[in-house]
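# Structure at a glance
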Amino acid sequence: MRCSMRLGLILCVLLASCGLNAEDSYDDAAKFQEMAQHVRGQLSHRDVLRSHQTTARLLGCGTDYLENQHCYAVYANALNDALDEWSSARRPEQDEQVIVHVNNEPHMVRVKIDKDLTAIAQDVCAAAGDSSEDETCRSEVLEQLREESERIRREREAIAPARHIPQELWGDFTDGGTIPVLDWYRDDSYAGYYKQYPRPFLSVMEAMVARRAAGTNYPFVDEELYALLDAPDSAVTAMLQGAVVGVIGSAVPWYEVLVLHFGAAEAITIEYNKVSYQDPRIRAMTPSEYWALGDDRPRFDVALSISSFEHDGLGRYGDPLDPFGDFEAMAEMEGMVKRGGVVLLAVPVGAEALVWNCHRIYGKHRLAQLLTRWTVHTIHGLYPGIFDKRTKIADQPLFVLSNTRPETPVNFSRFER
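Before going further, it helps to spend a moment on helix α9 (residues 199–210). Between its terminal C-alpha atoms α9 stretches 16 Å, which fits the 16 Å expected from 12 residues at 1.5 Å a residue. Arg-212 sits one or two positions beyond α9 and adopts a positive phi of about 60°.

If you want it as structure tokens, here you go:
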């Protein structure tokens, strides 16, 4: 067995320490559990995220590792722990000094974006002589802190997206050169962008939903959504009744209007760009504002992410470059959706490709990685041959997921129709 690169050497040592050989059949679940413990204990989370093909090869699983339950268990456990490690230390930020006012008096405090600001607001009120239990003071200071946190984030992101993949990130973005890179550059960062949607605009969309018209660039997805939600005894439609629904990554409130039509009480948009709607049933917040709420943030029974996560980490929308940004976004979703809650997800599916800096197209392997932490109930619009289509603009099947860990990898062929 030949091992190359630092990661390969580490895995070779791990194999030897477990008494395993890459050519073994690995039918012994106990040995796989032992291997999983070593992988979790020895590799950094970045090593695991970037290593799936090397890991599979060294485990003797070859390119079919997703079909082998024991092979998958080792990789899935390592990937899940890697994402947990990332989540526990996600997006470390330097403190920023800001000024807030209490009773017209300035107070200087230090904050971190994407952090719980409630405790800081309480401390400010106490230092100002108001009771930390004074709800009026806390609310006013918390609103100022959120505005300052969002301003800081915008200033950090006010840089044009990278025209080319940085050399030091090329290997991670392309999985060691195995993922083809296609060119399609866009700058949609729009730092400071703000858009309002008046009531007449929303009324037009409501009428379109009522007659089951397609209202986005993804008519294929809209068609599948209508079929899912109009189906007799639809479990998802039942869950929507009276629910607060999250819509993750939404510049136009089409899917907010759609879920309200099908019975939701409220839709909350989580979107990098500032948006507002003249409808009390729809409200919006940036990711910074959402995570700043800490334990008081809304947790959803149902959430939608339509053509969003394939963009994460590519810089197109002003976000930091991150080869594993889509995996991390899916991991973050676990903190937004209640345990056992449902996510309706759509991402481009076809022959594996990175369309820089526009989006990713998911082949079987990266798609399986993306879904590792979620149970797949159904996939609408996954047809035979879809993974063989090479294109810059791919079809987007609709995945119905629940926030529970699967015991086995998803078998895509079971959902093809």
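A few words now on the packing of aromatic side chains. With the rule as written, the count across this model stands at 4 aromatic pairs. Ring plane angle 85° and centroid distance 5.2 Å describe the contact between Tyr-290 and Trp-291, whose orientation is recorded as edge-to-face. Residues Tyr-290 and Trp-291 agree in their burial class; the two are buried. Considering the side-chain rings of Tyr-290 and Phe-300, the 6.4 Å spacing of their centres and the 20° angle between planes classify their relative orientation as stacked. Residue Tyr-290 is found in helix α13 (residues 287–292), and its partner Phe-300 is found in strand β9 (residues 300–306); the two are separated by 10 residues along the sequence. Three or more aromatic residues joined by ring pairs make a cluster, and in this case those are Tyr-290, Trp-291 and Phe-300.

When you tally the buried positions in strand β10 (residues 337–346), you get 7 out of 10 residues, the bulk of the element. In this sheet, β10 lies alongside β9 in parallel orientation, the contact comprising 6 bridges. From the neighbouring strand, Ala-303 faces β10, where its bridge partner is Val-343. Once you follow β9 into helix α14 (residues 325–333) and on to β10, the crossover reads as right-handed. Note that β10 and strand β14 (residues 398–402) share 5 bridges and pair antiparallel. Bridging across to β14, Val-343 finds its partner in Leu-401.

Let's shift gears to the pattern of salt bridges. For the structure shown, the criterion picks out 15 salt bridges. Asp-279 serves as the salt-bridge partner of Arg-281, at 2.9 Å between the closest nitrogen and oxygen. Judged by its relative accessible area of 33%, Arg-281 is partly exposed. Arg-373 is paired through a salt bridge with Glu-334; the nearest N and O atoms lie 2.5 Å apart. Of this pair, Arg-373 sits in the loop between α15 (364–370) and β13 (375–380) while Glu-334 sits in the loop between α14 and β10, and the two are 39 residues apart along the sequence. Taken individually, Arg-373 and Glu-334 each receive the classification buried, so the pair is uniform in this respect.

Right, let's talk about the nonpolar core for a bit. Within the largest apolar cluster, 37 residues are counted, with the highest numbers of intra-cluster contacts made by Leu-345 and Leu-367. The set of elements that each furnish at least two residues to this core consists of β6 (266–270), α13, β9, α14, β10, α15, β13 and β14. The element best represented in this core is α14, accounting for 4 residues. Residues Tyr-197, Ala-213, Tyr-226 and Val-342 belong to the second largest nonpolar core, which totals 36 residues.

Moving on, we come to the sheet that holds β10. Here 7 strands make up an open sheet; going across it, the order is β8-β6-β5-β9-β10-β14-β13 and the pairing mixed. Edge positions in the sheet fall to β8 (282–285) and β13, since each has one partner strand and no second. Adjacent strand axes in the sheet meet at a mean angle of 20° when their direction is disregarded. Where β13 and β14 come together, 5 bridges link them in antiparallel fashion. Following the sheet pairing, His-380 is matched in β14 by Leu-398. Here helix α10 (residues 219–230) sits on the sheet and contacts β9, β10, β13 and β14; the angle it forms with β14, its principal contact strand, is near 50°.

Further remarks concern the state of the cysteines. Inspection of the entire model under this criterion finds 1 disulfide. Each disulfide pairs two cysteine sulfurs, and for Cys-125 the partner residue is Cys-137, the sulfurs being separated by 2.1 Å. Negative torsions about the S-S bond denote left-handed disulfides, and the value of about -105° found for Cys-125 with Cys-137 makes this one left-handed. Separated by 12 residues along the polypeptide, Cys-125 in helix α6 (residues 118–127) and Cys-137 in helix α7 (residues 135–157) bring together distant segments of the chain. Residue Cys-125 is classed as buried on the basis of its relative accessible area, which comes to 0%. Of the residues examined, Cys-137 reaches a relative accessible area of 5% and is grouped as buried.

What follows deals with the confidence of the model for the protein. The predicted model of the protein has a mean per-residue pLDDT of 80, with 72% of residues at 70 or higher. Counted against residues more than four places away or in other chains, residues 1–29, with its pLDDT under 50, gives 52 contacts.

The rules behind each value
- Just so you know, the residues in each chain are numbered from 1, in the order the chain's sequence is written.
- Local features in a predicted model are, by the rule used here, given only for residues with pLDDT of at least 70; side-chain atom pairs are given and counted only at 80 or more, and totals for whole chains, interfaces and linings are based on all residues.
- Remark: hydrogens and water are excluded; side-chain values derive from all non-hydrogen atoms of the structure.
- Every helix listed is a DSSP run of H or I at least four residues long, and every strand listed is a run of E at least two residues long, numbered separately from the N terminus.
- Working rule for helices: expected span equals 1.5 Å times residues minus one.
- Here is the rule: rings of Phe, Tyr and Trp (six-membered ring for Trp) pair when centre to centre is within 6.5 Å. Planes less than 30 degrees apart are stacked, more than 60 are edge-to-face, and the remainder are tilted.
- Here the term buried applies to any residue with accessible area under 20% of the maximum for its type, exposed to any over 50%, and partly exposed to those in between, with areas from a 1.4 Å probe on protein chains only.
- Pairing between strands is defined by DSSP: at least two bridges between the two strands are required.
- A clockwise path from the first strand over the helix to the second, with the strands pointing away from the viewer, defines a right-handed crossover.
- Here, a salt bridge means any Lys or Arg side-chain nitrogen found within 4 Å of an Asp or Glu carboxyl oxygen.
- Put simply, buried Ala, Val, Leu, Ile, Met, Phe, Trp, Tyr and Cys residues joined by side-chain atoms within 4.5 Å make one nonpolar core.
- Interaxial angles span 0 to 180 degrees and are taken between N-to-C directions of axes, which are lines fitted to C-alpha atoms, for helices over the stretch in contact.
- The criterion used for residue contact is that any of the two residues' heavy atoms lie within 4.5 Å.
- Pairs of cysteine sulfur atoms within 2.5 Å are what we label disulfides.
- pLDDT: the predictor's confidence for each residue, scored from 0 to 100.

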